[in-house]
Amino acid sequence: MKVMTQIWPALAMMAVAAMFVVLASPSSLAATIEVTGAWARATPGSAKNAAVYFTMTNTGKEADKLMGAETPAAESAELHETAMVGGIMHMGSAKAVDVPVGAKISFAPNGRHLMLTGLKKPLHKGDEIAVTLHFEKAGAIGTKVPVLDVAALGPQHQH
Ligand SMILES: [Cu+2]
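Sequence positions are assigned chain by chain, starting from 1 and proceeding in written order. Local features in this predicted model are restricted to residues of pLDDT 70 or higher, and side-chain atom pairs are both shown and tallied only at a pLDDT of 80 or more, whereas totals for entire chains, interfaces and linings draw on every residue.

It is worth spelling out the nonpolar core at this point. Think of a nonpolar core as buried Ala, Val, Leu, Ile, Met, Phe, Trp, Tyr and Cys residues chained together by C-beta atoms that fall within 7 Å. Here the C-beta atoms are placed from the backbone, and a residue counts as buried if at least 20 other C-beta atoms lie within 10 Å of its own, exposed if 12 or fewer do, and partly exposed otherwise. Counting residues in hydrophobic clusters, the biggest one holds 31 residues, and the most contacted among them are Ala38, Ala40, Val52, Leu114, Leu116 and Val131. For this core, the secondary structure elements donating two or more residues are strand E1 (33-41), strand E2 (49-58), strand E3 (64-70), strand E4 (74-85), strand E8 (113-119), strand E9 (128-135) and strand E10 (139-148). Under the DSSP-based scheme used, a helix requires at least four consecutive residues in state H or I and a strand at least two consecutive residues in state E, with every element numbered from the N terminus. Examining the composition of this core, we find that six residues originate from one element, E2, more than from any other. Excluding residues that lie within four positions of it along the chain, Val131 makes contacts with Ala38, Val52, Ala69, Thr71, Ala77, Leu114, Thr143 and Val145. A pair of residues counts as a contact when their C-beta atoms, built from backbone coordinates, are separated by no more than 7 Å.

Here's what the structure looks like:
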């Protein structure tokens with residue numbers, strides 16, 4: 001019995017130590033970009049493309065850059081931007097997006113979006129997909145993306 005009472009506290013200490021190792025891992029210390037409010041619009045019919053929107057905030061002390069993205073839900077995820085050219089909406093791929101210190105940059109309808117092409121299956125309202133954003137300095141940041149209504153304008157517009 002004496003032995004048991006000595007072993008259990010030791011195991012408890014080890015478990016606590018292991019938790020600290022996880023909390024202090026380099027990825028959590030280096031994460032100076034916050035990705036919030038991600039959402040995607042449900043796809044109509046058997047559409048193979050979908051747009052993902054989110055907001056990224058640079059809470060760190062150095063400028064960063066969004067380089068690209070990926071998701072297991074689609075063959076590719078590209079940074080796209082929409083712009084009015086001569087009164088016509090054009091959509092095209094965007095290069096890396098700068099995220100200056102303190103900046104809050106939103107990907108939103110009629111502006112920048114993450115274009116998923118080659119969807120593995122249609123996105124239905126209520127689904128959730130995982131997207132990983134790749135930053136030059138902060139590295140890979142994963143976010144869960146809820147799928148909203150096909151006509152949704154964003155989470156903040158749902159009353
Ligand atoms: Cu697009």
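Here E9 shows one buried face, formed by Ile129, Val131, Leu133 and Phe135, and one open face, formed by Glu128, Ala130, Thr132 and His134. When DSSP finds at least two bridges between two strands, those strands are taken to pair. Pairing of E3 with E9, which is carried by four bridges, proceeds in the antiparallel orientation. Pairing of Gly68 across the sheet is with His134, part of E9. Where E9 folds back on E10, the antiparallel hairpin that results is connected by three residues.

A word on unusual backbone geometry. Phi is mostly negative for residues that are not glycine, and the peptide bonds are mostly trans. Unusually for a residue other than glycine, Asn110 sits at a positive phi of about 70 degrees. Its location among the elements puts Asn110 in the loop between strand E7 (104-107) and E8. On the basis of neighbour count, Asn110 is assigned to the exposed category, with 11 C-beta atoms found within 10 Å.

Now for the environment of Lys48. Within the secondary structure, Lys48 is located in the loop between E1 and E2. We classify Lys48 as partly exposed; it has 14 C-beta atoms within 10 Å. Each C-alpha atom of the pair Lys48 and Lys120 lies 7.8 Å from the other, and the pair is 72 residues apart in sequence. If sequence neighbours within four positions are ignored, Lys48 has contacts with Thr117, Gly118 and Leu119.

Turning next to the confidence of the model for the protein. The predictor's confidence in any single residue is recorded as pLDDT, a number from 0 to 100. Overall, the predicted model of the protein reaches an average pLDDT of 85, with 78% of residues at or above 70. At the low end of the mean pLDDT range in the protein sits helix H2 (residues 26-30), at 49; at the high end sits E9, at 98. Segment residues 24-28 is flagged for pLDDT under 50; beyond a separation of four residues in sequence, or across chains, it makes three contacts in the model.

Turning our attention to the pairing of E8. Where E2 lies against E8, four bridges are found, and the strand directions are antiparallel. Within the sheet, the bridge partner assigned to Val52 lies in E8 and is Leu114. In terms of strand pairing, E4 meets E8 through six bridges, oriented antiparallel. Bridge assignment links Leu79 to a residue of E8, and that residue is Leu114.

Relative to the helices and strands, Leu123 is located in the loop between E8 and E9. With 77 residues separating them in the primary sequence, Leu123 and Ser46 have C-alpha atoms 9.2 Å apart. If we skip the residues at most four places from it in the chain, Leu123 touches Ala40, Ala42, Thr43, Ala50, Ile129 and Val147.

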